[in-house]
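# Summary of the model geometry
The residues making up each chain are set out below.
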Amino acid sequence: MRIASYNLRVNSPVLNADLHCHSIVSDGTLAPEALAARAKANGVELWALTDHDEVGGQQRARDAALALGLPYLTGTEISVSFAGTTVHIIGLGFDADDTALCAGLAATRGGREQRARDMAAGLAKVGIAGAYEGALQYVSNPELISRTHFARHLVESGVCADTYAVFKRFLTEGKPGYVPHRWARLGDAVRWISEAGGAAVIAHPGRYKFTATEEYALFSEFIAHGGRGVEVVTGSHTSAEYLKYADMAREFDLLASRGSDFHSPNESRVDLGALPWLPGTLSPVWEAIEARVQRP
Ligand code: AMP
Ligand code: MN
Ligand code: MN
Ligand code: MN
């Protein structure tokens with residue numbers, strides 16, 4: 001008995017699950033079908049497409065994955081405002097037709113067009129004209145115009161050498177193209193996901209500039225609202241952060257997730273499926289929602 005349960009906990013996280021990436025439906029550069037093929041080719045064994053504030057690519061991603069023999073979980077990444085900071089909440093395994101979830105996502109992405117125009121106005125003040133129209137050239141879903149599209153435009157037009165430099169000089173807090181924005185509330189985002197049958201997961205916690213106290217508040221409130229998991233192994237964490245958030249997952253009794261946050265072959269540091277394993281002492285989110293996995 002002891003040995004069996006020990007083996008289960010050690011072996012179960014060793015699954016090449018990649019539960020975080022983006023397609024042209026939000027700010028990625030590949031179509032859902034191309035991402036499915038890339039995930040399969042890279043050895044991914046369980047996949048989720050998690051476009052920002054949008055489920056418009058879910059059917060295509062699911063159909064392509066299942067046709068390739070790749071198990072699939074529905075996904076999205078919801079923009080939330082918490083303690084004055086933008087926090088991302090991943091939803092996994094929900095019903096993508098759920099009315100309240102779809103309405104919540106539509107409301108969350110609703111402010112993006114005006115925000116983008118305000119960003120362009122800020123950039124115009126420092127001599128960069130026409131950034132809104134420029135960014136739009138890289139957008140396939142106009143409701144999802146994002147900072148990433150501005151970054152691509154500023155790289156292609158020669159203002160900066162890469163997207164990292166654009167964010168640093170122009171698109172982060174205090175910089176000319178940054179516009180504060182009110183996204184969804186944490187409790188609403190967690191509820192939309194949970195009530196649609198899915199599990200809510202805190203995305204890349206290492207990226208937020210929180211104090212320890214604020215971070216504890218985020219985790220505590222997230223759990224109070226029904227949140228289930230945290231990304232431990234993600235393309236945006238350092239190896240020190242894998243350990244830190246593995247500890248946090250255990251301390252808060254949260255399920256652990258793993259995802260590359262892949263956006264583009266040219267821009268992303270970590271490719272689909274190319275991540276270290278989850279530490280063996282954690283409970284993987286994909287086991288807890290196994291019944292929600294769609295299989296070929
Ligand atoms: P938005 O939702 O419009 O605020 O855009 C956020 C997106 O910008 C994130 O999902 C990332 O894809 C990208 N992003 C944010 N910060 C950076 C950064 N420092 N370097 C490159 N991309 C970033
Ligand atoms: Mn993104
Ligand atoms: Mn994110
Ligand atoms: Mn992401």
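None of the values given here were measured: they were computed from a predicted structure.

### So, the coordination of the manganese ion (ligand 4)
- Every protein donor of the manganese ion (ligand 4) is accounted for by H20 (NE2), H22 (NE2), E77 (OE) and D261 (OD), and the metal-donor separations fall at 2.1 to 2.3 Å.
- In the primary structure, the donors to the manganese ion (ligand 4) are separated according to the pattern H-x1-H-x54-E-x183-D.
- A gap of 4.5 Å separates the manganese ion (ligand 4) and the manganese ion (ligand 2). Of this pair, H22 sits in the loop between β1 (17-18) and α2 (32-41) while E77 is found in strand β3 (residues 75-82), placing the two residues 55 residues apart along the sequence.

### Some points on the coordination of the manganese ion (ligand 2)
- Every protein donor of the manganese ion (ligand 2) is accounted for by D27 (OD), H52 (NE2) and H263 (NE2), and the metal-donor separations fall at 2.1 to 2.2 Å.
- Read from N- to C-terminus, the donor residues coordinating the manganese ion (ligand 2) fall into the pattern D-x24-H-x210-H.
- Metal-to-metal, the separation of the manganese ion (ligand 2) and the manganese ion (ligand 3) is 5.6 Å. One end of the pair, D27, is in the loop between β1 and α2; the other, H263, is in the loop between β8 (255-259) and α12 (285-288), with 236 residues separating them in the sequence.
- Judged by its relative accessible area of 3%, D27 falls in the buried class.

### Here we look at the pairing of strand β6 (residues 199-202)
- Burial along β6 is two-sided: A199 and V201 facing one way and A200 and I202 facing the other are all buried.
- Bridge analysis of strand β4 (residues 85-92) against β6 gives 4 bridges, and the strand direction is antiparallel. The residue bridging L92 from the neighbouring strand is A199, located in β6.
- Note that β6 and strand β7 (residues 229-234) share 2 bridges and pair parallel. In the sheet register, V201 faces β7, and the bridge partner there is G229.

Quick notes on the rules
- Residues numbered from 1 in each chain as written.
- Chains lettered and ligands numbered in written order.
- Predicted model: local features only at pLDDT ≥ 70, side-chain atom pairs only at ≥ 80, totals over all residues.
- Heavy atoms only, no water.
- Donors = N, O, S within 2.8 Å, 3.2 Å for Na, K, Ca; no water.
- Helix = DSSP H or I, 4+ residues; strand = E, 2+ residues; numbered from the N terminus.
- Buried < 20%, exposed > 50% of the residue type's maximum accessible area, 1.4 Å probe, protein only.
- Pairing = 2+ DSSP bridges.

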